[in-house]
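Descriptive analysis of the structure
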Amino acid sequence: MRQIKLASGRSMPVFGLGTWRMGEHADRFQAEVSVIREAREFGVSLLDTAEMYGEGGAEEVIGAAIRGQRDGLFLVSKFYPHNASRSGVVEACERSLARMGCDYIDLYLLHWPGSIPLAQTFDALHALQDSGKIRDFGVSNFDIGDLQAIPEEDRHRLGCNQIFYNLAHRQVEWQVADWCLRHGTPLMAYSPLDQGGALLRDPVLREVAARHQATAAQIALSWLLQQPQTVVIPKSIKTSRIKENLGALDIELSATDLRDLDAAFPAPASPVRLGMR
């Protein structure tokens, strides 16, 4: 699995498994546990979750799937903005650790901007880092103004900005991507396949896929993986789809491919707000 370096010097896989909508139904719990275990067998070590997903249910699924097998994993979780106070972040982290049965989280993110002063939030993240309960910290769904409001001393320490990003939704490229690149902050693309639908039916995307004897999903993921400092976390509950998605790591898009995709899915040419799903 390819890795990218974080500002801390640690490494993060460029491909992971999202867990949104997991842990919401008791009758699916064991099947979701099995999916995560099989994904690990395929080489997926980055697992992304949040306290919001199933109100902790997705973290419990991960906890059951990785019990006794924490080594080699890169766990990402996120906390609610209403838990972003000095004490709230610490308490939220401890609850997430308990649900996952772990001693630490590799990358802990503020899920989206809220009303609590960021100085409090980052003070708590520093405390968690000092105590060993998290390795790195970052943000999610932060637009340019939100990023600029981050305490200056932390702007070069972010483990990532997790954002809604795919071929059909390139709002991040207006200003956010450049800011993150300048500050050494990776982008972590959620919904990288736009939850299926129209994107994967696009004729240009399918034409590029045919050139590579690949699927449309593999090309959409490969395109993201060729963007600077970008990680993808497609979610799937089908092991066959996870194996298919992993095939994107072996595809190198040509200049012609990239030109055709840019024409079909142009980047924003005027100011636009960051997308969110």
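To be clear, the structure that these remarks concern was listed above.
Quick caveat, the model's predicted, so the values are computed rather than measured.

1. Side note on the pairing of strand β5 (residues 74-79)
Along any regular strand, the residues point their side chains to alternate faces of the sheet. Judged by how many residues are buried, β5 sits mostly within the fold: six of six residues are covered. Taking every second residue as pointing to the same face, both faces of β5 are buried, with Phe74, Val76 and Lys78 on one and Leu75, Ser77 and Phe79 on the other. For strand β4 (residues 46-48) and β5, the ladder comprises three bridges, and the chain directions are parallel. From the neighbouring strand, Leu46 faces β5, where its bridge partner is Phe74. Taken together, β4, helix α2 (residues 57-66) and β5 form a β-α-β motif whose crossover is right-handed. In the sheet, β5 pairs with strand β6 (residues 105-110) via four bridges, with the strands oriented parallel. Opposite Ser77, over in β6, you have Tyr108 as the bridge partner. At this point the chain moves from β5, through helix α3 (residues 86-100), to the parallel β6, and the crossover so formed is right-handed.

2. Things to note about the pairing of β6
Of all the six residues making up β6, six are buried; the element is thus mostly covered by neighbouring parts of the structure. Bridge analysis of β6 against strand β7 (residues 134-140) gives five bridges, and the strand direction is parallel. Following the sheet pairing, Leu110 is matched in β7 by Val139. Remark: the β6/helix α4 (residues 118-131)/β7 crossover connection has right-handed handedness.

3. Digging into the packing of helix α8 (residues 203-211) against helix α9 (residues 216-225)
Orientation of α8 relative to α9, taken along the N-to-C sense of each, is 95°, at an axis distance of 8 Å. The angle between the axes of α8 and α9 places the two elements in the roughly perpendicular class. Together, Leu205, Arg206, Val208 and Ala209 of α8 and Ala216, Ile219 and Ala220 of α9 make up the contact between the two elements. Grouping the amino acids of the contact of α8 with α9 by side-chain chemistry returns six nonpolar, no polar and one charged.

4. Some points on the environment of Met52
Mapped onto the elements of the fold, Met52 is located in the loop between β4 and α2. Judged by its relative accessible area of 26%, Met52 is partly exposed. Distance from Met52 to Asp202, taken between C-alpha atoms, is 32 Å for residues 150 residues apart in sequence. With near-sequence residues (within four places) excluded, Met52 lies in contact with Tyr80, His111 and Trp112.

5. Section: the state of the cysteines
Under the defined criterion, the tally for this structure stands at zero disulfides. Here Cys102 stays free of any disulfide, with the sulfur of Cys93 as its closest cysteine sulfur at 11 Å. Here Cys180 is not disulfide-linked; the sulfur of Cys160 is the nearest cysteine sulfur, at 8.8 Å.

6. With respect to the layout of surface pockets
There is about 730 Å³ of room inside the largest pocket. Lining the largest pocket are 30 residues, and of these Trp20, Ser191, Gln195, Pro234 and Lys235 lie nearest its centre. Along the lines of polarity and charge, the residues of the lining of the largest pocket split into twelve nonpolar, eleven polar and seven charged.

7. Considerations on the sheet that holds β6
Ordered in space as β3-β4-β5-β6-β7-β8-β9-β10, the eight strands form an open sheet in which the pairing is parallel. Unpaired on one side and paired on the other, β3 (16-18) and β10 (230-232) mark the two borders of the sheet. The sheet shows a mean angle of 25° between the axes of neighbouring strands, direction not considered. Sheet topology places β3 next to β4; three bridges connect them, and they run parallel. Residue Gly18 lies in a different strand from β4, and its bridge partner there is Asp48.

8. A few points about the packing of α3 against α4
Two elements in contact, α3 and α4, have axes separated by 7 Å at closest approach and are oriented at 45°. As the angle between them shows, α3 and α4 are arranged oblique. For the crossing formed where α3 meets α4, the hand is right-handed. Between α3 and α4, the residues in contact are Arg86, Val89, Val90 and Cys93 and Gln120, Thr121, Asp123, Ala124, Leu125, Ala127 and Leu128, respectively. Of the residues contributing to the contact of α3 with α4, the split by class is seven nonpolar, two polar and two charged.

9. Quick look at unusual backbone geometry
Backbone geometry places Arg21, a non-glycine residue, at a positive phi of 75°. Of note, Arg21 is situated in the loop between β3 and α1 (29-41). Phi at Glu55 is positive, roughly 50°, even though this residue is not glycine. Looking at where Glu55 falls in the secondary structure, it is placed in the loop between β4 and α2.

Parameters at a glance
Residues numbered from 1 in each chain as written. Predicted model: local features only at pLDDT ≥ 70, side-chain atom pairs only at ≥ 80, totals over all residues. Heavy atoms only, no water. Buried < 20%, exposed > 50% of the residue type's maximum accessible area, 1.4 Å probe, protein only. Helix = DSSP H or I, 4+ residues; strand = E, 2+ residues; numbered from the N terminus. Pairing = 2+ DSSP bridges. Right-handed = clockwise from strand over helix to strand, strands pointing away. Axes fitted to C-alpha atoms, helices over the stretch in contact; angles between N-to-C directions. Parallel < 35°, antiparallel > 145°, perpendicular 65-115°, else oblique. Contact = heavy atoms within 4.5 Å. Nonpolar A, V, L, I, M, F, W, Y, C, P; charged D, E, K, R; others polar. Disulfide = S-S within 2.5 Å. 1 Å grid on protein atoms, 1.4 Å probe; cavity = no way out; pocket = protein on both sides within 12 Å on 5 of 7 lines; lining within 4 Å. Points joined across faces, edges and corners; volume = space filled by probe spheres on them. Left-handed = near helix turned anticlockwise from the far one by under 90°.

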